[in-house]
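Chains, contacts and geometry: an overview
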Amino acid sequence: FAARGGLERKEFAWGDELTPNGTFMANTFQGQFPTGDTGADGFKGIAPVRQYQPNGYGLYDMTGNVWEWCSDWYRPDTYALRATAGDSVIVNPKGPADSFDPAEPGVQKRVHRGGSFLCSDQYCSRYIMGTRGKGEPSTGTNHLGFRCVKDAPAP
C-alpha cells in the first residue's frame, strides 16, 4: 500500500511504464546482466537515497536500489491461505507466524520487497509492484537494506 503511493493496479510505483518519456524512476540494472551494468540510470551499483522522485505519499526509493528487509516471515502460500480463509481487505496485515520455503525446508526466511539495482528485465524484475523476494536473516550482501520512516512534524 505504502509503496504504491496511492496508485492502484499499476505495474510500478510511478505508473505502468518502466521509463516514462525515457526517464529512469529507480536504480535498476541496465545492460547485459550480470556483468554489463551501463549505469544509464545514473548509477552502477547502489545509489545514494533520494535520487529519484518520491511516490504519491512522498516516499523515496520504494523500488530498486536495494531490497528492503521486512519483518514478515516468508511463505509462498501466504496470500493463497488468506484467500481461502475468506479474508478480504486487511488493514495493516501481519505476516505468517512461521517461515517455510519449499526450496530450502527448515531454513527460516524473511520477506524482501522492492527489488534492487541488480534487478533487470533479463533476470529479476521484482521492482514491479506486488512482488517479493526472500532471504535468510543472516544473509550478507550489498543489495539489501532497510527503510527508515518517521512521522511528519505536527502542523
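Scroll up to find the structure.
Only a predicted model underlies this, so the values are computations on that prediction, with no experimental measurement involved.

On to the pattern of salt bridges, then. Inspection of every chain in the model, using the stated rule, returns six salt bridges. Across the pair Asp98 and Arg75 runs a salt bridge, and its minimum N-O distance is 3.2 Å. Separated by 23 residues along the polypeptide, Asp98 in the loop between helix H1 (78-84) and strand E4 (110-113) and Arg75 in the loop between strand E3 (67-73) and H1 bring together distant segments of the chain. Its relative accessible area of 17% is what places Arg75 among the buried residues. For Lys109, the salt bridge identified is with Asp101, shortest N-O distance 2.6 Å. By the burial criterion, Lys109 is buried, and Asp101 matches it.

Bringing the nonpolar core into the picture now. Ranked by size, the top nonpolar core spans six residues in total: Phe12, Trp67, Cys119, Cys124, Tyr127 and Leu144. Here Cys124 is in contact with Trp67 and Cys119, once residues within four sequence places are set aside.

Looking now at the side chain of Asn55. Here Asn55 shows up in the loop between strand E2 (36-37) and E3. Asn55 sits in the buried class, given a relative accessible area of 12%. A polar contact is formed between the side chain of Asn55 and the backbone oxygen of Ala2, at a distance of 2.9 Å. Not counting the four nearest positions on each side in its chain, Asn55 is found in contact with Ala2, Ala3, Arg4, Gly5, Ala13 and Met62.

Turning to the sheet that holds strand E5 (residues 133-135), a few remarks are in order. Within the open sheet, the four strands sit side by side as E5-E4-E3-E6. Their pairing is mixed. At either end of the open sheet lies a strand with only one pairing partner, and these are E5 and strand E6 (144-145). Of the strand pairs in this sheet, E3 and E6 are connected by two bridges, and their pairing is parallel. Pairing of Trp67 across the sheet is with Leu144, part of E6.

Moving on to the pairing of E3. By the bridge criterion, three bridges tie E3 to E4 in an arrangement that is antiparallel. Its bridge partner being in E4, Trp69 is matched across the sheet by His112.

To continue, consider the side chain of Asp101. Locating Asp101 in the fold gives a position in the loop between H1 and E4. At 3.0 Å, the side chain of Asp101 forms a polar contact with the side chain of Lys134. Apart from residues lying up to four places away in sequence, Asp101 is in contact with Tyr74, Lys109 and Lys134.

This next bit is on the pairing of E4. Of the strand pairs in this sheet, E4 and E5 are connected by three bridges, and their pairing is antiparallel. Within E5, the residue paired with Arg110 across the bridge is Gly135.

The subject of this paragraph is the packing of aromatic side chains. Enumeration according to the criterion identifies five aromatic pairs in this entry. With 5.3 Å between their ring centres and 5° between their planes, Phe12 and Trp14 make a pair best called stacked. Their ring planes at 25° and their centres at 6.0 Å tell us that Phe12 and Tyr127 sit as a pair that is stacked. With Phe12 in the segment before strand E1 (31-32) and Tyr127 in the loop between E4 and E5, this residue pair connects regions lying 115 residues apart in the sequence. Taking relative accessible area as the criterion, Tyr127 reaches 3% and is therefore assigned buried. Grouping aromatic residues by their ring pairs yields a cluster made of Phe12, Trp14 and Tyr127. Directly above the aromatic system of Trp73 lies the positively charged group of Arg110, at a separation of 3.6 Å from the ring centroid.

Conventions and cut-offs
- Note on numbering: residues in each chain are counted from 1, in written sequence order.
- Local features in a predicted model are, by the rule used here, given only for residues with pLDDT of at least 70; side-chain atom pairs are given and counted only at 80 or more, and totals for whole chains, interfaces and linings are based on all residues.
- Excluded from the side-chain calculations are hydrogens and water; all other atoms, namely the structure's heavy atoms, are used.
- Salt bridge criterion: a side-chain nitrogen from Lys or Arg within 4 Å of a carboxyl oxygen from Asp or Glu.
- Helical segments are the DSSP runs of H or I of at least four residues, strand segments are the runs of E of at least two, and each set is numbered from the N terminus.
- Each residue gets one of three labels from its accessible area relative to the maximum for its type: buried under 20%, exposed over 50%, partly exposed in between, using a 1.4 Å probe on protein chains only.
- Put simply, buried Ala, Val, Leu, Ile, Met, Phe, Trp, Tyr and Cys residues joined by side-chain atoms within 4.5 Å make one nonpolar core.
- Contact criterion: two residues are considered in contact whenever any of their non-hydrogen atoms come within 4.5 Å of each other.
- We call two N or O atoms a polar contact when they sit within 3.5 Å, provided that within protein one can donate a hydrogen and the other can accept it, with sequence-adjacent residues counted only if both atoms are side-chain atoms.
- DSSP-based pairing: two strands are paired if at least 2 bridges between them are found.
- Classification of ring pairs rests on two measures: the distance between centres of Phe, Tyr or Trp rings, Trp counted by its six-membered ring, which must be within 6.5 Å, and the angle between planes, read as stacked under 30 degrees, edge-to-face over 60 and tilted in between.
- When the NZ atom of lysine or the CZ atom of arginine is within 6 Å of a ring's centre and also within 35 degrees of its normal, the charge is said to sit over that ring.

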